[in-house]
Amino acid sequence: MTERRHLLFGSAPMCVLAASLIFLPSKAWAGGVPPQFLLQWGSNGNGEGQFSGPHGIEVDAVGNIYVVDTGNNRIQKFTSDGVFILEWGSFGSAPGQFNHPHGVGIGPSGNLYVAETGNDRVQKFTSEGVFLTTWGSFGDGDGQFRHNHGLAVDGDGNVFVADRDQNRVQKFDSDGNFILAWGTSGTGDGEFTGTNGVAIDSAGNVFVGDSSPRIQKFTNDGAFILSWGSAGVGDGQFDYPRGLSTDELGNVYVCDRDAHRMQKFTGDGVFLKEWGSPGIGEGQFNSPYAIRAGGNGFVYVNDSSNHRVQKFLDENSCPFVCGDIDGSGGVVDLADFGEFAVCFEATPIETEACLCSDLNGDGQINLADFAMFAGIFGNVSTNSPPNCP
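J.: Let's hear about the overall build of the protein chain: which residues, and what values?
T.: The secondary structure content of the protein chain amounts to four helices and 24 strands. Within the protein chain, buried positions represent 54% of all 389 residues. Counting contacts in the protein chain only where the partners sit at least 6 residues apart, residues at least 24 apart contribute 47% of the total. Per element, the accessible surface of the protein chain, about 14900 Å² overall, is 51% carbon and sulfur.

Quick look at the structure:
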């Protein structure tokens, strides 16, 4: 292994390696390739790691998974590989109890927010399930709800709630103080026929799933930007869109519940890929309710009527853009070869940090990936994140 490091990091041999590989053909990045199934956990029941129709799902900054176990009126917390950590909640209306919990989001400080349909409120907890505060009641006033559904939190800690039966989105600060609301019943721009999932990208744009069916995109203060989708089962069509999520690159994932599939789009609604079919097998779904892009290309899906969580790797969603492995903002340069070499010693992949270096997706970091990397290296000369060739 010492000789390998000399080959990769020595200045002269490094240049020889780069020069010898730079003209090798690179593998085309297939945007339509479905994510790779990795693992699943869960079964029907009320024990630890079991579920009863789970709805919301969220991932924290260190990769822990929070599942809204709707039928069991509780929250369960797991490691990124599905190992049970803790749970909290029971049926009721007291602080820390739930009546049909649904959407969930995590704020920048790590606190958890849960939209609770049966009690028409939002509850706030620490990441360990300690109750902090609550707000909301049944009604149509500011801060009141009628079947509150999806929930998302932006980078400033503001909480957005899909107030489904009132065809609106409400925005609150991190303590539940009302800020604004937008939406009325209808099919025009900024109107809704039942607000479902909510997601927010890193720029603060708000995406809302509408039962009409379509996705609408708004500014952080509710100004309409664009929409896409129609009824159907074709690419970019929906048969009841439910949960939404965004990744580090601003792409949007949609749970197309009644079509039993996931769809992925750019932030402007351009179709990228879809995966899934009805069933109980790996990568199949039965009324999936929620999806969450959890960083490093990992995607988690609440496969609700199969009472399980499925984990996928969507390699085109890695935070490192193409060959920008050191995360220097889209610049693909010799510094990335050094970062690549660290992963090159870990074969097969041993850490999540190396996943984005497996450019050809064969589960190993090897010379084939260097060839692909070099092809990208020879085609990119921009200081902004490039599109994969």
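J.: Explain the sheet that holds strand β23 (residues 298-303) to me, using residue names and the numbers behind them.
T.: On the basis of which strands lie adjacent, the open sheet formed by four strands has the order β1-β24-β23-β22 and antiparallel pairing. Since the sheet does not close on itself, it has two edges, and those belong to β1 (36-41) and β22 (290-293), each with one partner. The mean angle between the axes of side-by-side strands here comes to 20°, regardless of whether they run parallel or antiparallel. Pairing geometry for β1 and strand β24 (residues 308-313), over five bridges, is antiparallel. Bridge pairing in β24 places L39 opposite K311.

J.: Break down the pairing of strand β9 (residues 131-135) for me, with residues and values.
T.: Note that strand β8 (residues 121-125) and β9 share four bridges and pair antiparallel. Directly across from Q123, in β9, lies its bridge partner T134. Count of turn residues in the β8/β9 antiparallel hairpin: five residues, of which G129 carries a positive phi of about 90°.

J.: Outline the environment of F340, supporting the account with residue identities and numerical values.
T.: Checked against the element boundaries, F340 lands in helix α3 (residues 334-344). On the basis of relative accessible area, F340 is assigned to the buried category, the value being 0%. For F340 and N366, which are 26 residues apart along the polypeptide, the C-alpha to C-alpha distance reads 9.8 Å.

J.: Can you break down the packing of aromatic side chains residue by residue, with the values?
T.: What the rule picks out here adds up to 22 aromatic pairs. Seen in terms of ring centroids, Y113 and W135 are 6.2 Å apart; in terms of plane orientation they differ by 65°. Their pairing is edge-to-face. Residue Y113 is located in strand β7 (residues 112-116), and its partner W135 is located in strand β9; the two are separated by 22 residues in the primary sequence. Accessibility assignment for this pair places Y113 and W135 in one class, buried. Here the aromatic rings of W275 and F312 are separated by 5.7 Å at their centres, their planes lie at 65°, and the arrangement is edge-to-face. Linking W275 in strand β21 (residues 271-275) with F312 in strand β24, this pair joins segments that are 37 residues apart in sequence. For F312, a relative accessible area of 1% corresponds to the buried category. Put simply, the rings of F37, Y253, W275, F285 and F312 touch in pairs and so form one group of aromatic residues.

J.: For the sheet that holds β21, give the residues involved together with the corresponding values.
T.: Taken in spatial order, the four strands make up an open sheet running β18-β19-β20-β21, and their pairing is antiparallel. Every interior strand has two partners, whereas the edge strands, β18 (241-246) and β21, have only one. Within this sheet the neighbouring strands show an average axis-to-axis angle of 20°, counted without direction. In terms of strand pairing, strand β19 (residues 252-256) meets strand β20 (residues 261-265) through five bridges, oriented antiparallel.

J.: Describe the environment of R292, naming the residues involved and giving the relevant values.
T.: Checked against the element boundaries, R292 lands in strand β22. Linking R292 and A199, residues 93 residues apart in sequence, is a C-alpha distance of 9.5 Å. Within the local environment of R292, its side chain forms a polar contact with the side chain of E58, the two groups lying 3.0 Å apart. Here L244 takes part through its backbone oxygen, which lies 3.1 Å from a polar atom of the side chain of R292.

J.: I'd like a description of the side chain of D314, backed by residues and values.
T.: Along the chain, D314 falls in the loop between β24 and α3. Among the polar contacts made by the side chain of D314, one reaches the side chain of Y253 at a distance of 2.6 Å. If sequence neighbours within four positions are ignored, D314 has contacts with P35, Y253, K264, K273, G297 and V299.

J.: Run through the pairing of strand β16 (residues 214-218), naming residues and quoting values.
T.: In terms of burial, β16 is a largely internal element, five of the five residues being buried. Alternating residues of β16 divide into R214, Q216 and F218 and I215 and K217, and every residue in both groups is buried. In the sheet, strand β15 (residues 206-210) pairs with β16 via five bridges, with the strands oriented antiparallel. Along β16, the bridge assignment pairs F207 with K217.

J.: Explain the side chain of Q76 to me, using residue names and the numbers behind them.
T.: Inspection of the secondary structure puts Q76 in strand β4 (residues 74-78). Within polar-contact distance, the side chain of Q76 engages the backbone oxygen of Q50 at 2.6 Å. A distance of 3.2 Å separates polar atoms of two side chains, one belonging to Q76 and the other to D69. The residues contacting Q76, other than those within four sequence positions of it, are G47, E48, G49, Q50, F51, I65, Y66, V67, D69, F84, L86 and E87.

J.: Tell me about the pattern of salt bridges, and name the residues and values.
T.: Taken as a whole, this structure holds 18 salt bridges when the rule is applied. A salt bridge links E58 to R292; the shortest N-O distance between them is 3.0 Å. With E58 in strand β2 (residues 57-59) and R292 in strand β22, this residue pair connects regions lying 234 residues apart in the sequence. The partner of R261 in a salt bridge is E274, and the shortest N-O contact between them spans 4.0 Å. Taken as a pair, R261 in strand β20 and E274 in strand β21 lie far apart in primary sequence, 13 residues in all. For R261, a relative accessible area of 5% puts it in the buried group.

Cut-off values and rules
- Residues numbered from 1 in each chain as written.
- Predicted model: local features only at pLDDT ≥ 70, side-chain atom pairs only at ≥ 80, totals over all residues.
- Heavy atoms only, no water.
- Helix = DSSP H or I, 4+ residues; strand = E, 2+ residues; numbered from the N terminus.
- Buried < 20%, exposed > 50% of the residue type's maximum accessible area, 1.4 Å probe, protein only.
- Contact = heavy atoms within 4.5 Å.
- Areas by Shrake-Rupley, 256 points an atom, 1.4 Å probe, with all protein chains shown as cover.
- Pairing = 2+ DSSP bridges.
- Axes fitted to C-alpha atoms, helices over the stretch in contact; angles between N-to-C directions.
- Phe/Tyr/Trp six-rings, centres within 6.5 Å; stacked < 30°, edge-to-face > 60°.
- Polar contact = N/O pair within 3.5 Å; in protein donor to acceptor, adjacent residues only side chain to side chain.
- Salt bridge = Lys/Arg side-chain N within 4 Å of Asp/Glu carboxyl O.

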